[in-house]
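# Summary of structural features
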Amino acid sequence: MRAVVKTSSSPGLEMIDVPVPAVGPDEILLQVKATSICGTDLHIRNWDPWAQSHVTPPLVVGHEMCGVVVDKGPRADGPEVGQLVSVESHIVCNRCAFCRTGKGHLCENTRILGVGQDGVYAEYVAVPAMNAWPDPPDMPYSIASLQENFGNAVHTASVPLVSGRKVLVTGCGPVGVMAIAVARALGARLIIASDVSQFRLDMAKQMGADITVNPISDDVVGTIMDVTEGEGIDVLLEMSGAPSAIDQGFSTLKPGGEAALLGLTSGALDFNLDDHIIFKGASVHGIVGRRLWVDWYQMRGLLRSGAVDLTPVVTHRYALDDFERAFETMASGECGKVIMFPDPADADGQLE
Ligand code: NAD
Ligand code: ZN
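Keep in mind it's a predicted model, so treat the numbers as computed, not measured.

Reading the values: the criteria
Counting of residues starts from 1 at the beginning of each chain's written sequence and follows it residue by residue. Going through the entries in the order they are written, you letter the chains from A and number the ligands from 1. Predicted model: local features are reported for residues with pLDDT of at least 70 only, side-chain atom pairs are reported and counted for 80 or more only, and whole-chain, interface and lining totals are derived from all residues. The side-chain numbers reported here are obtained from all heavy atoms of the structure, hydrogens and water having been left aside. Helical segments are the DSSP runs of H or I of at least four residues, strand segments are the runs of E of at least two, and each set is numbered from the N terminus. Two joining distances apply to patches: 9 Å for like charges and 5 Å for nonpolar side chains (Val, Leu, Ile, Met, Phe, Trp, Tyr), and every residue must have over 30% relative accessible area and no salt bridge. Each accessible area value is a Shrake-Rupley result obtained with a 1.4 Å probe; residue values ignore everything except the protein chains displayed when judging cover. The salt bridge definition used is simple: a Lys or Arg side-chain nitrogen within 4 Å of an Asp or Glu carboxyl oxygen. The cut-offs for exposure are 20% and 50% of the maximum accessible area for each residue type, with area from a 1.4 Å probe on protein chains only; residues under the lower value are buried, those over the upper are exposed, and the others partly exposed. Two strands are counted as paired when DSSP detects at least two bridges linking them. Handedness is read with the strands pointing away from the viewer; a crossover is right-handed when the path from the first strand over the helix to the second is clockwise. A pair of Phe, Tyr and Trp rings is counted when the ring centres sit within 6.5 Å of each other, with Trp represented by its six-membered ring. The angle between the planes then sorts it: under 30 degrees is stacked, over 60 is edge-to-face, the rest tilted. Note on disulfides: each one is a pair of cysteine sulfur atoms within 2.5 Å. Each domain's extent was defined by an automatic or database domain assignment. A contact between two residues is defined here by any heavy atoms of the two lying within 4.5 Å. Once two parts are put together, the accessible area they lose, assessed with a 1.4 Å probe and summed over both, is termed the buried area. In the analysis that follows, any N or O atom pair within 3.5 Å is treated as a polar contact, provided that within protein one partner can donate a hydrogen and the other can accept it, and provided that, for residues neighboring in sequence, both atoms belong to side chains. Just so you know the grouping, Ala, Val, Leu, Ile, Met, Phe, Trp, Tyr, Cys and Pro go in nonpolar, Asp, Glu, Lys and Arg go in charged, and all remaining residues, Gly too, go in polar. Only N, O and S atoms count as donors, using a 2.8 Å cut-off from the metal and 3.2 Å for Na, K and Ca, and because water is excluded some sites may appear unfinished. In this description, a line fitted to the C-alpha atoms serves as the axis of each element, helices being fitted only across the stretch in contact, and the angle between N-to-C directions of two axes falls anywhere from 0 to 180 degrees. Expected helix span is taken as 1.5 Å per residue step, with the number of steps being one fewer than the number of residues.

What follows covers the environment of Trp-47. Considering the arrangement of structural elements, one finds Trp-47 in the loop between α1 (39–46) and α2 (49–54). For the pair Trp-47 and Ser-158, spaced 111 residues apart in sequence, the C-alpha separation works out to 33 Å.

Right, let's get into a nonpolar patch on the surface. A cluster of nonpolar residues, Phe-98, Leu-106 and Val-288, forms a patch on the protein surface that exposes about 220 Å² of accessible area. Val-288 sits in the partly exposed class, given a relative accessible area of 39%.

Strand β17 (residues 314–319) sits mainly inside the fold: five of its six residues count as buried. As judged from the five bridges shared by β17 and strand β18 (residues 337–341), these two strands associate in the parallel manner. The residue bridging Arg-317 from the neighbouring strand is Ile-339, located in β18. Crossover connection from β17 via helix α11 (residues 323–332) to parallel β18: handedness right-handed.

Turning our eyes to something else, we now look at the packing of aromatic side chains. Tallied over the entire structure, the rule returns six aromatic pairs. Where Tyr-121 meets Phe-327, the ring centres are 6.1 Å apart and the plane angle is 85°; that geometry is what we call edge-to-face. Here Phe-327 lies in helix α11 and Tyr-121 lies in the loop between β8 (111–112) and β9 (124–128), a separation of 206 residues in the sequence. With a relative accessible area of 0%, Phe-327 lands in the buried category. Geometrically, the ring pair formed by Trp-133 and Tyr-297 is edge-to-face, given 5.0 Å between the ring centres and 85° between the ring planes. Here Trp-133 is found in strand β10 (residues 132–134), whereas its partner Tyr-297 is found in helix α10 (residues 294–304), with 164 residues between them in sequence. A relative accessible area of 7% means that Trp-133 is categorised as buried. Aromatic rings pair up to connect Trp-133, Trp-293, Trp-296 and Tyr-297 into one cluster.

On to the state of the cysteines. Evaluation of the coordinates by the stated rule reveals zero disulfides. Of all cysteine sulfurs, the one in Cys-38 lies closest to Cys-66, which takes part in no disulfide; the gap is 16 Å. No disulfide involves Cys-172; its sulfur sits 13 Å from the nearest other cysteine sulfur, which is in Cys-335. Taking the relative accessible area as the measure of exposure, Cys-172 reaches 0% and is therefore buried.

What follows covers the domain arrangement of the chain. Assigned domains within the chain: domain 1 (2–146 + 310–346) and domain 2 (153–286). Relative to domain 2, the C-alpha centre of domain 1 lies at a distance of 29 Å. Every contact between the two is made by twelve residues of domain 1 and, on the other side, ten residues of domain 2. Of the roughly 850 Å² buried where domain 1 meets domain 2, counting both sides, 75% is carbon and sulfur surface. Sorting the residues of domain 1 by area buried against domain 2 places Pro-312, Val-313 and Glu-334 first, and these three jointly supply 42% of that buried surface. At the junction of domain 1 with domain 2, the criterion picks out zero salt bridges. Joining domain 1 to domain 2, the criterion identifies two residue pairs in polar contact (both at pLDDT 80 or more). Considered class by class, the residues forming the side of domain 1 that touches domain 2 number six nonpolar, four polar and two charged.

Let us now look at the coordination of the zinc ion (ligand 2). For the zinc ion (ligand 2), the full set of protein donor atoms is Cys-93 (SG), Cys-96 (SG), Cys-99 (SG) and Cys-107 (SG), at a range of 2.3 to 2.4 Å. Of note, the donors binding the zinc ion (ligand 2) are all from one chain and are spaced C-x2-C-x2-C-x7-C. A residue pair is termed long-range when its members are at least 10 positions apart, and Cys-96 in the loop between β7 (90–91) and α3 (97–100) and Cys-107 in the loop between α3 and β8 qualify at eleven residues. Note on accessibility: Cys-96 and Cys-107 belong to one class, buried.

With that settled, the discussion passes to the pattern of salt bridges. Throughout the structure, instances matching the rule amount to 18 salt bridges. For Arg-317, the salt bridge is made with Asp-348, and the minimal N-O distance between the two is 2.7 Å. Here Asp-348 lies in the segment after β18 and Arg-317 lies in strand β17, a separation of 31 residues in the sequence. Look at Arg-317 and you get buried, because its relative accessible area is 16%. For Asp-322, the salt bridge is made with Arg-325, and the minimal N-O distance between the two is 2.6 Å. Counted as one network, the salt bridges with shared partners bring together Lys-166, Glu-231, Asp-234 and Lys-254.

The next thing to look at is the sheet that holds strand β11 (residues 166–170). Taken in spatial order, the six strands make up an open sheet running β13-β12-β11-β14-β15-β16, and their pairing is parallel. Two strands close off the open sheet at either side, each with one partner strand: β13 (211–213) and β16 (283–286). For this sheet, the mean angle separating the axes of adjacent strands, direction not counted, is 15°.

Let us look at helix α5 (residues 174–185). Taking 1.5 Å of rise per residue, twelve residues should cover 16 Å, and α5 covers 17 Å from first to last C-alpha, within 8% of that figure. Most of α5 sits inside the fold, with ten of its twelve residues counted as buried. For α5, the complete set of buried residues consists of Pro-174, Val-175, Gly-176, Val-177, Met-178, Ala-179, Ile-180, Ala-181, Val-182 and Ala-183. Trailing α5 by a residue or two, Gly-187 shows a phi angle of about 95°, which is positive.

This is the structure:
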């Protein structure tokens with residue numbers, strides 16, 4: 001089968017022929033219908049220090065997908081052959097103290113598709129049956145594919161209380177704009193969004209932001225203090241990892257406010273802990289992955305009720321054979337989610 005593979009310890013990816021994976025006893029074999037690009041895949045392609053310390057080539061890359069079950073191992077419960085499913089990419093042990101206490105997102109034995117084991121940029125992938133999330137058969141493949149990334153947004157926006165509150169979202173990449181839609185659906189009173197890209201601020205507006213600010217041209221802190229009548233924000237959803245955005249977010253956070261941090265910084269921070277957290281009595285939540293499976297159920301509810309529409313987030317579609325162009329689009333930042341289809345006939349919209 002065709003697969004996009006990190007073949008060596010250097011920048012780049014290659015499409016090569018690899019065997020269709022064998023199906024383990026507890027696994028299902030999926031024919032991949034759509035797969036989306038995440039920032040992590042860019043790190044692996046660029047072979048940055050994070051990728052060098054987490055990835056051992058050769059590796060089939062990619063972890064966001066939907067596909068149809070085509071085979072099952074003898075002990076695999078769950079979805080039947082023919083079922084459309086999305087996949088949770090974190091394969092957890094179900095044995096450790098975290099898994100056994102409902103905190104599977106913190107599992108100490110987590111393996112991640114496309115990072116620690118072969119991933120989904122391929123025609124077929126074998127995954128534990130437990131990791132499949134059944135989708136309605138009429139769900140567009142592009143939306144089904146990006147659900148796992150949507151789960152990060154749902155997780156971040158549902159840990160702090162946003163209902164009736166003033167929310168700042170710093171960083172309007174795909175996760176940031178999806179978090180805006182979730183905060184809106186959960187009843188936020190005011191949503192302010194910041195980004196350095198006008199393209200992404202436009203997406204933020206489309207997904208429900210009331211006010212957008214660009215740190216390059218606007219006084220972010222001054223604007224936020226003005227529009228909140230000098231009070232500041234109740235909730236910070238940090239989705240950029242940019243040190244200046246983190247500082248602006250905490251500078252405008254009200255005493256007693258809540259911050260949920262998802263964005264990854266590229267190193268240690270110079271951060272005013274006393275003023276930003278301690279003297280404010282702020283609550284800070286680190287957000288990792290998706291709570292298994294609370295966030296998946298929450299996602300399903302938000303999508304099926306129509307409270308969140310992710311259609312505008314899908315900005316580009318490519319054939320998987322065209323992965324180089326798809327990655328260039330993702331790297332440009334002039335995009336929302338970029339979806340790739342192993343079989344172009346499966347595309348649910350115009351291919352680029
Ligand atoms: P992304 O890189 O597409 O989005 C980040 C956005 O931040 C970009 O639009 C960028 O223009 C913007 N930005 C950069 N500097 C800024 C500044 N000074 N002020 C405001 N915005 C600024 O990433 P994404 O896919 O949307 O993911 C969001 C973040 O979450 C990334 O840092 C990613 O690594 C991280 N992430 C974490 C987890 C987790 O489990 N914790 C999971 C997925 C993603
Ligand atoms: Zn575990």
